[in-house]
Amino acid sequence: MSLLTAQGITKRYGGVIALDDVSLALNAGEVLGLLGANGSGKSTLSSVLAGDNPPEHGTLTLEGVELAAGSPRAARAAGIAIAHQHPGLAPDLPVWENVFLGAEVCKAGRFLDQASARRRAGELLSSLRVGWDIEAPAASLNAADQQLVEIAKALAIEPRVLIFDEPTAALAAAEVESLIRVIRALTARGTAIVFISHRMAEIEALCDRVLVLCNGRRAGELQVGSQLDEARVLAWMGGVAGGAAAAHVHDGANRRPQRLATANVAATSAAPATDGALALRVRGLRSGGRLRGVDFDLRHGEILGVAGLQGHGQEQLLDVLAGYRKPEAGEITLDGLPLVPRHPRQMIEAGVCLVPNDRHRQGLWLDHSVEFNLAQVGANFERHAWRLQRPSMRRFVNDVVQRLRIKTSDVLQPVSALSGGNQQKVVIGRWLERDVKVLLLSDPTKGVDVIARKEIYEAIGTLADSGAAVVVYASDTDELLAVCDRLIVMYEGRVVAQLEGSDMNEARVTSALFGRSAA
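All right, on to the nonpolar core then. Ranked by internal contacts, the top residues of the largest apolar core, which has 54 residues, are Val426, Trp431, Leu439, Leu441, Val470 and Leu487. Discounting residues that sit within four places of it in the chain, Val426 has contacts with Leu364, Val370, Asn373, Leu374, Ile406, Val415 and Leu418. Counting 51 residues, the second largest nonpolar core, distinct from the first, contains Val31, Ala81, Ala138 and Phe164.

This next bit is on a positive patch on the surface. Side chains of Arg286, Arg290, Arg292 and Arg494 sit close together on the surface and give a patch of like positive charge. By the element assignment, Arg292 lies in strand E12 (residues 291-299). A relative accessible area of 35% means that Arg292 is categorised as partly exposed.

A few words on the pattern of salt bridges. Inspection of the entire model under this criterion finds 26 salt bridges. Note that Asp145 and Arg129 form a salt bridge whose closest N and O atoms lie 3.2 Å from each other. Separated by 16 residues along the polypeptide, Asp145 in helix H5 (residues 143-156) and Arg129 in the loop between helix H4 (114-126) and H5 bring together distant segments of the chain. The residue Arg325 makes a salt bridge to Asp319 at a minimum N-O spacing of 3.5 Å. One continuous salt-bridge network, built from bridges that share partners, spans Arg405, Lys425, Lys454, Glu455 and Glu458.

What follows deals with unusual backbone geometry. A positive phi angle, near 55°, is found at Asp21, a position not held by glycine. Phi at Glu166 is positive, roughly 50°, even though this residue is not glycine. Along the chain, the position of Glu166 falls in the loop between strand E7 (161-165) and helix H6 (173-188). A relative accessible area of 4% places Glu166 in the buried class.

This part takes up the environment of Glu175. In this structure, Glu175 sits in helix H6. For Glu175 and Ala144, which are 31 residues apart along the polypeptide, the C-alpha to C-alpha distance reads 9.0 Å.

This part covers the packing of aromatic side chains. Applying the stated criterion across every chain, the model contains two aromatic pairs. Residues Trp365 and Phe372 carry aromatic rings whose centres are separated by 5.7 Å and whose planes lie at 85° to one another, so their mutual orientation is edge-to-face. Here the guanidinium or amino end of Arg129 rests over the ring plane of Trp132, the centre of that ring lying 4.2 Å away.

Glancing now at the sheet that holds E12. The strand order across the open sheet formed by four strands is E12-E11-E14-E15, and the pairing between neighbours is antiparallel. The open sheet has two free edges, formed respectively by E12 and strand E15 (337-338), since each of these has just one partner strand. As paired elements, strand E11 (residues 278-287) and strand E14 (residues 329-334) share five bridges and run antiparallel to each other. What sits directly across from Leu280, in E14, is Leu334.

Volume-wise, the second largest pocket comes out at about 1,400 Å³. Residue lining of the second largest pocket: 49 residues in total, with Gly39, Thr44, Ala417, Leu418 and Ser419 positioned closest to the centre. Elements that contribute at least two residues to the lining of the second largest pocket include exactly strand E2 (16-26), helix H1 (42-49), helix H12 (359-363), helix H15 (420-429) and helix H16 (450-465). Broken down by class, the residue content of the lining of the second largest pocket amounts to 13 nonpolar, 27 polar and nine charged.

Before going further, it helps to spend a moment on the packing of H5 against H6. In the contact formed by H5 and H6, the axes pass within 12 Å of each other and the chain directions differ by 5°. Relative to H6, H5 is oriented roughly parallel. Contacts between H5 and H6 pair Ala144, Asp145, Leu148, Ile151 and Leu155 from the former with Glu175, Leu179, Val182 and Leu186 from the latter. Here the residues of the contact of H5 with H6 sort into seven nonpolar, no polar and two charged.

Relative to the elements of secondary structure, Asp165 occurs in strand E7. For Asp165, a relative accessible area of 7% translates into the label buried. Ignoring anything within four residues of it in the chain, the contact list for Asp165 reads Ser43, Ser46, Ala83, His84, Gln85 and Ile196. In this structure the side chain of Asp165 is engaged in a polar contact, spanning 3.0 Å, whose partner is the side chain of Ser43.

All right, on to the pairing of E14 then. Bridge analysis of E14 against E15 gives two bridges, and the strand direction is antiparallel. Among the inter-strand pairings, Leu334 is bridged to a residue of E15, identified as Leu337. Linking E14 back to E15 in an antiparallel pair, the connection comprises two residues, with Asp335 at a positive phi of about 50°.

Within H1, seven of the eight residues are buried, leaving the element largely enclosed by the surrounding structure. Within two residues after H1, Gly51 carries a phi angle of roughly 80°, on the positive side.

The buried fraction of strand E20 (residues 494-500) is high, at five of seven residues. Relative to E20, strand E19 (residues 486-491) runs antiparallel, the two sharing six bridges. Residue pairing in the sheet places Ile488 in a bridge with Gln498 of E20. Counting the residues in the hairpin turn of E19 and E20 gives two residues, including Glu492, whose phi is positive at 50°.

Our next topic: empty space enclosed by the protein. Under the criterion given, the structure shown has two cavities of 30 Å³ or more. In this model, the largest cavity occupies a volume close to 40 Å³. What lines the largest cavity is simply Leu49, Gly51, Leu60, Leu67, Ala68, Ala69, Ser71, Ala74 and Ala75. Among the residues making up the lining of the largest cavity, the classes are represented as seven nonpolar, two polar and no charged.

For the pair H15 and H16, interaxial distance at closest approach is 10 Å and the crossing angle is 10°. Here H15 lies roughly parallel to H16, going by the angle between them. Contacts from Gly421, Gln424, Lys425 and Ile428 of H15 reach H16 at Ala452, Glu455 and Ile456. Each residue belonging to the contact of H15 with H16 can be placed in one class, and the counts come to three nonpolar, two polar and two charged.

Parameters and conventions
Residues numbered from 1 in each chain as written. Predicted model: local features only at pLDDT ≥ 70, side-chain atom pairs only at ≥ 80, totals over all residues. Heavy atoms only, no water. Core = buried A, V, L, I, M, F, W, Y, C linked by side-chain atoms within 4.5 Å. Buried < 20%, exposed > 50% of the residue type's maximum accessible area, 1.4 Å probe, protein only. Contact = heavy atoms within 4.5 Å. Patch = residues over 30% accessible without salt bridge, like charges linked within 9 Å, V, L, I, M, F, W, Y side chains within 5 Å. Areas by Shrake-Rupley, 256 points an atom, 1.4 Å probe, with all protein chains shown as cover. Salt bridge = Lys/Arg side-chain N within 4 Å of Asp/Glu carboxyl O. Lys, Arg positive; Asp, Glu negative; His and termini not counted. Charge placed at Lys NZ, Arg CZ, Asp CG, Glu CD. Helix = DSSP H or I, 4+ residues; strand = E, 2+ residues; numbered from the N terminus. Phe/Tyr/Trp six-rings, centres within 6.5 Å; stacked < 30°, edge-to-face > 60°. Lys NZ or Arg CZ within 6 Å of the ring centre and 35° of its normal. Pairing = 2+ DSSP bridges. 1 Å grid on protein atoms, 1.4 Å probe; cavity = no way out; pocket = protein on both sides within 12 Å on 5 of 7 lines; lining within 4 Å. Points joined across faces, edges and corners; volume = space filled by probe spheres on them. Nonpolar A, V, L, I, M, F, W, Y, C, P; charged D, E, K, R; others polar. Axes fitted to C-alpha atoms, helices over the stretch in contact; angles between N-to-C directions. Parallel < 35°, antiparallel > 145°, perpendicular 65-115°, else oblique. Polar contact = N/O pair within 3.5 Å; in protein donor to acceptor, adjacent residues only side chain to side chain.

Now the structure itself:
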């Protein structure tokens, strides 16, 4: 008998069918990969399984016993836990309290056992990453650490069924490896896992079976075996039956055409030879303990990738360039003129714009419409706000929706109702109204499916083709190798390698990531 079964799950949001008669069976000790493009119904199905979202039709059973639909309490009592893609933490509470929030450790007489909770929280978190300050408030954590706390919350109830919704999107490679070890230990004890990810390598390494959704329906299911049939999976995700169509979708992430003339550059050199005029020149940039003397050049029309293990200064570099952190030393010139970043508004007016890595907390007004979010930059920089040209603003919004293929029923629809990939397109699209000289992107396709990723990088490539200089930091090195003209690699706050042409390969990047010679 299957441990968990879902039969005929149907869910609608207004006139949109999110899930249409979806069924699945999950066995003890099994890892089921749940795949699909953004908006295919993965997160909706996982929330139904966890009791967060009541279906309109269908039943859930655990070992043959029907569960109360739409009841998180009943699901947790039955041993079903979920680690959400977007952590739901109490920002003012310390880390250890967040781990056991809703599952408090009690002594006899229902008194809280804070000492045991602290000890157990430390053990759970240390299995994912060492070096935690469990007394720190959750709000002080970066996006990756918040995701690890969310995972520890799910582990805290010792679940029989554990659902991971994009758990690795914000994690560095070492943290992903720790999570994989934890998952394997759980399945060895009989825990059933539902694993949602857009990273095919993780699916192949972890999953016993995969279930693919497309437009809210079951598109296909297969055993993983020794190797994942990626072509078939991508075909199902794209709603096409056949490997050839899938290959076309997958090839959408091919390396960007090399339009720029390149020359071999030593790791210590800062200026490659390209056809584009110099846009940004950075020398000796320092800030806090994370930037310790960064040098690089960036040319108009170029897409520059920034690689590095988490915590080596990549995000701080983008924050300084965007005016969110003040530099302590160094020189920055933009189009040959000296520039000292002091405030984000100053940098935006200069043409330096940032797409942050946390679209929910830093990039969007979730309760407002698609139109509001896209038009916000133009409205905020209008010199005469009482003279807002609403017809031209609406034309701009409609143009961006069409150009970036943002899937929305109406521009007045709340942006929170969009899939993650379409939300990210909104964050990028708002800058299309500005005269962007330098576009900074921090992990722009985190939690985005392969089809939306292709469309996002097409939009970024269009901006570069129009003359904008682009800097992309991504936690996925393969992604940088596929879309960038040139790479710089950061280690302990410095640029230790600059790679281009035939030197842009995984072996050289990996060597540089760990501070070794890229030669």
